[in-house]
Amino acid sequence: MVEERALTEVKDRVAVVRERMERSAERAGRGVAEIKLMAVTKTRRVEEMLEAAPFVDMLGENRVQEAAVKKRDWPGSVTLQWRLIGHLQSNKARKALTLFDTLDSLDSEGLASDVNRIAGDLGRDVPVLIEVNTSGEVSKTGVAPEDFPKLLERVLACPRLKLEGLMTIGPLTEDEARVRSAFAHLREMAAGVRAASGLPLPVLSMGMSGDYEWAILEGSTLIRIGTLLFGARH
Ligand SMILES: *Cc1c(COP(=O)(O)O)cnc(C)c1O
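In this report, we go over the structure that sits alongside the text. For clarity, every value in this text was computed on a predicted model and none was experimentally measured.

Along its length, the protein carries 9 helices and 8 strands. Relative to the globule expectation of 17 Å for 234 residues, the C-alpha radius of gyration of the protein, 17 Å, shows essentially globular dimensions. Based on the C-alpha atoms only, the size of the protein along its principal axes is roughly 50 × 40 × 30 Å. When contacts within the protein are restricted to residue pairs at least 6 apart in sequence, those whose partners lie at least 24 apart make up 58%.

A few words on helix 1 (residues 10-27). The end-to-end C-alpha distance of helix 1, which contains 18 residues, comes to 26 Å, matching closely the 26 Å that a straight helix rising 1.5 Å per residue would cover. All buried positions along helix 1 are accounted for by Val-10, Val-14, Val-16, Val-17, Met-21, Ser-24 and Ala-25. Against strand 1 (36-40), helix 2 (46-52), helix 8 (212-217), strand 8 (222-225) and helix 9 (227-230) lie the buried residues of helix 1. Just downstream of helix 1, Gly-29 is the residue with a positive phi angle, here 70°.

Definitions and limits used
Here the residue numbers are simple positions, counted from 1 along each chain's written sequence. Side-chain atom pairs in this predicted model are given and counted only at pLDDT of 80 or more, local residue features only at pLDDT of at least 70, and totals for whole chains, interfaces and linings cover all residues. Remark: hydrogens and water are excluded; side-chain values derive from all non-hydrogen atoms of the structure. Note on conventions: DSSP H or I runs of at least 4 residues are helices, E runs of at least 2 residues are strands, and numbering of each starts at the N terminus. Here the radius of gyration uses the C-alpha set of atoms, whereas the globule reference equals 2.2 Å times the residue count to the power 0.38. Residue contacts are counted whenever heavy atoms from the two residues lie within 4.5 Å of one another. For a helix, the expected span equals 1.5 Å multiplied by the residue count minus one. Only protein chains enter the calculation, and the probe is 1.4 Å; a residue is then buried if its accessible area is under 20% of its type maximum, exposed if over 50%, and partly exposed in between.

Put into structure tokens, the structure is as follows:
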């Protein structure tokens, strides 16, 4: 058991999160191996990111420009998946596709069409998650649940977009029932898509520093952790 108080090293902080992931998975009757840990690295320096890199499964960045600067200093020998988790504007889509392996924050039909077209130009496929606003909070990004069916239809019609699953940001509250019900909603939406489309849709990206244990209880397969690994943001 790792003591949390004295943790100054990223490695130890990851160990604490991994331990809690395991306990939550056990409580949920799930295997922890099916749950991936993304280090969310917005505002972090490349040196901090490289400290975390050996112990996490992937990286998440919010901004195209920030990722571009970091990637210049990123050693080619450290191969981790880079996932875009922040809102993407169409005019940055081309650059985003040169930097990121996946787009996890797909939230509009226009963006889907633009990314599909640019991916075609570049001769690549793009794994995507549709980001859903399950909390109804206006500050949150993501497609509204009522607009989801149309966006889904568009994404499935885009040959370069490979839909891997769904993503959401939980409501900003300590109310366990409310947070878990948003996560359960996303899980049920994914089950609906699976049933209707026959796609496996393996990824449910939900859970951040404050709510990842609840997210795992509700079926998350990908948690996005920043603060717990790196401390308060710069
Ligand atoms: C910043 C961010 C996170 C990480 O948040 P923490 O609370 O620091 O763990 C996760 N997901 C998204 C989309 C974010 O923007």
